[in-house]
Amino acid sequence: GFYVRCSGCPAGESLVVTLFVGSAQKGPTKTNFDGNTARGLPEFCRLEDQVGDGGEDLVVGIVVQNPALADEVSDVVLLLPKEPPP
């Protein structure tokens, strides 16, 4: 499964999310967040199918769009380091 939580979102906040694991992608889907409740998909994809033969790396991510800010923000990109901090 693949779930996301928007703990800082006010109750009833609507966001458009696209989830991806390797080449598997679901969305964009309008999702209503309510407090600390996680939203997502219980059976997203098989990890073995996305890693491939002999692969060690897998790209996993989420694209979040806030329709309420569509006129204010055109594109925001968040880059995460390949290695987690110590």
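Just so it is clear, the model here is predicted, and its values are computed rather than measured.

Undergrad: Please explain a nonpolar patch on the surface as it appears in this structure.
TA: Where nonpolar side chains cluster on the molecular surface, the patch consists of Leu47, Leu58 and Val60 and spans about 240 Å² of accessible area. Mapped onto the elements of the fold, Leu58 is located in the loop between α1 (47–51) and β5 (60–65).

Undergrad: So what exactly am I meant to see when it comes to the packing of aromatic side chains here?
TA: For any pair of aromatic rings, geometry is given as the distance between the ring centres together with the angle between the planes. Throughout the structure, instances matching the rule amount to one aromatic pair. Ring geometry for Phe2 and Phe44: centres 5.4 Å apart, planes at 70°, overall edge-to-face. Taken as a pair, Phe2 in strand β1 (residues 2–4) and Phe44 in the loop between β4 (39–41) and α1 lie far apart in primary sequence, 42 residues in all. Phe44 carries the same exposure label as Phe2, and that label is buried.

Undergrad: Please explain the side chain of Thr31 as it appears in this structure.
TA: Considering the arrangement of structural elements, one finds Thr31 in strand β3 (residues 24–33). Take Thr31: its relative accessible area is 11%, and that puts it in the buried class. Within polar-contact distance, the side chain of Thr31 engages the backbone oxygen of Thr29 at 3.3 Å. Not counting the four nearest positions on each side in its chain, Thr31 is found in contact with Glu13, Ser14, Leu15, Val17 and Arg39.

Undergrad: What should I look at first to understand the sheet that holds strand β2 (residues 13–21) in this one?
TA: Backbone-to-backbone hydrogen bonds join strands into a sheet, with any given pair of strands oriented parallel or antiparallel. Strand order in the open sheet formed by three strands is β3-β2-β5, with antiparallel pairing between adjacent strands. Each end of this open sheet is capped by a strand with a single partner; those strands are β3 and β5. Ignoring strand direction, the axes of neighbouring strands in this sheet form an average angle of 20°. Where β2 and β3 come together, eight bridges link them in antiparallel fashion.

Undergrad: Help me out: how do you make sense of the confidence of the model for the protein chain in this one?
TA: The predicted coordinates of low-pLDDT regions are not to be read in fine detail. In this model, the protein chain carries an average pLDDT of 79, and 80% of its residues clear a pLDDT of 70 or more. Least confident of the elements in the protein chain is β1, whose mean pLDDT is 81; most confident is β3, at 88.

About the cut-offs
- Residues numbered from 1 in each chain as written.
- Predicted model: local features only at pLDDT ≥ 70, side-chain atom pairs only at ≥ 80, totals over all residues.
- Heavy atoms only, no water.
- Patch = residues over 30% accessible without salt bridge, like charges linked within 9 Å, V, L, I, M, F, W, Y side chains within 5 Å.
- Areas by Shrake-Rupley, 256 points an atom, 1.4 Å probe, with all protein chains shown as cover.
- Salt bridge = Lys/Arg side-chain N within 4 Å of Asp/Glu carboxyl O.
- Helix = DSSP H or I, 4+ residues; strand = E, 2+ residues; numbered from the N terminus.
- Phe/Tyr/Trp six-rings, centres within 6.5 Å; stacked < 30°, edge-to-face > 60°.
- Buried < 20%, exposed > 50% of the residue type's maximum accessible area, 1.4 Å probe, protein only.
- Polar contact = N/O pair within 3.5 Å; in protein donor to acceptor, adjacent residues only side chain to side chain.
- Contact = heavy atoms within 4.5 Å.
- Pairing = 2+ DSSP bridges.
- Axes fitted to C-alpha atoms, helices over the stretch in contact; angles between N-to-C directions.
- pLDDT = per-residue confidence, 0-100.

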